[in-house]
Amino acid sequence: MSDTATFTTMRSHLRPFRDYEARHFLWEASEDGRVATLTLNRPERKNPLTFDSYAEMRDLFRDLVYASDIRAVVLNGAGGNFSSGGDVFEIIEPLTTMAMPDLIAFTRMTGDLVKAIRKCPQPVIAAVDGVCAGAGAILAMASDLRYATPAAKTAFLFTRVGLAGADMGACGILPRIIGQGRASELLFTGRALGAGEGLAWGFYNALHEPDALLDAATKVARQLADGPWFAHGITKNQLNQEWAMGLDEMIEAEAQAQAICMATKDFRRAFEAFAAKRKPAFEGN
């Protein structure tokens, strides 16, 4: 490709992530690279997070902005549990002896993971089974869609260890999912949210049996990945940005966002496919 062509497409900075080699969790991608599955993989301890896994996930989700292949990510845990949160001995105990500069560095790092999940253009789909607690609950909360099994128990249990419920954006994001009063109850009490209650409250999009959960989440991821994925990225961006907008600003922002999508070839492809009564093939341009 010539330098002129590279400049014209502005895609020389993109790279494939299908074969990303994870160190602190599992990373697998579909054959075409469109759907990736990130699995927290310490099942013997219910998949707790460590300083290293926090940092690697933060960096990975940040870098997915530059992915040429990945269009949707499924986030799940191994061995019948999602995640028990921060590892008691590898994170919690060291935090009790740290000075303030190190503590704020840690809390900013964990918050940066949530920012990275929210800002990557790919829809992130949490598949939750069993224990989903503390930072594990935050990862589910930060995802765009959440599916669970009837055995899922989600707890924002920070208050039970003497900390505020204000962790990793919980006081801002959770009320927008389930409402202020319900979020307040969970963040003040630290009690577990059962799967059925979570479905009724809108935290979970649907429930599936354990042997069907990952397939169900992956099916949704595949549908999104094969759909108008450039437009999905616009939708995700607007869902984030419009939290802080008034009505007039929201409508104007969406007018601009939709005009951008209307200028894509995918929009034309969808029309032509509809007219020909066939399924459109979206290419993200």
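Here, every reference points to the structure presented above.
Fair warning: this is a prediction, and the values are worked out from it, not measured in the lab. (Residues numbered from 1 in each chain as written. Predicted model: local features only at pLDDT ≥ 70, side-chain atom pairs only at ≥ 80, totals over all residues. Heavy atoms only, no water.)

1. Re the overall build of the protein
Scanning the protein for helices and strands turns up twelve helices and nine strands. Relative to a compact globule of 285 residues, whose C-alpha radius of gyration would be 19 Å, the protein shows 20 Å and is just as compact. In terms of overall dimensions, the protein has a C-alpha envelope of 60 × 40 × 40 Å along the principal axes. Every one of the 285 residues in the protein was classed for burial, and the buried ones make up 44%. Within the protein, contacts between residues separated by at least 24 positions form 70% of all contacts whose residues are at least 6 apart in sequence. (Helix = DSSP H or I, 4+ residues; strand = E, 2+ residues; numbered from the N terminus. Rg over C-alpha atoms; globule rule 2.2 N^0.38 Å. Buried < 20%, exposed > 50% of the residue type's maximum accessible area, 1.4 Å probe, protein only. Contact = heavy atoms within 4.5 Å.)

2. Focus: helix α5 (residues 135-142)
The element α5 is extensively covered by neighbouring structure, given that eight of its eight residues are classed as buried. Taken together, the buried positions of α5 are occupied by A135, G136, A137, I138, L139, A140, M141 and A142.

3. Regarding the nonpolar core
Side chains of a nonpolar character, in soluble globular proteins, are inclined to be buried together. Counting residues in each nonpolar core, the largest one holds 55 residues, and the members touching the most others are F61, L64 and F156. With residues near it in sequence (within four places) discarded, L64 still touches F17, W27, I70, V73, C120, P121 and Q122. Listed in part, the 13 residues of the second largest apolar core include A72, V74, A127 and Y147. (Core = buried A, V, L, I, M, F, W, Y, C linked by side-chain atoms within 4.5 Å.)

4. Describing the side chain of T264
Examined against the element boundaries, T264 turns out to sit in the loop between α11 (247-262) and α12 (265-275). Owing to a relative accessible area of 15%, T264 belongs among the buried residues under this scheme. Of the polar contacts made by the side chain of T264, one reaches the backbone oxygen of C261; its length is 2.6 Å. Sequence-distant contacts of T264, defined by excluding residues within four places in its chain, comprise F230 and N285. (Polar contact = N/O pair within 3.5 Å; in protein donor to acceptor, adjacent residues only side chain to side chain.)

5. Structural notes on a nonpolar patch on the surface
A cluster of nonpolar side chains, contributed by V88, F89 and I92, occupies part of the molecular surface with about 300 Å² of accessible area. Along the chain, I92 falls in helix α3 (residues 88-95). (Patch = residues over 30% accessible without salt bridge, like charges linked within 9 Å, V, L, I, M, F, W, Y side chains within 5 Å. Areas by Shrake-Rupley, 256 points an atom, 1.4 Å probe, with all protein chains shown as cover. Salt bridge = Lys/Arg side-chain N within 4 Å of Asp/Glu carboxyl O.)

6. Looking at the sheet that holds strand β3 (residues 72-77)
Strand order across the open sheet formed by six strands is β1-β2-β3-β4-β6-β9, with mixed pairing between neighbours. A single partner strand is all that each edge strand has here, and the edge strands are β1 (26-29) and β9 (206-207). Sheet topology places strand β2 (residues 35-40) next to β3; six bridges connect them, and they run parallel. Within β3, the position partnered with A36 by the bridge is V73. (Pairing = 2+ DSSP bridges.)

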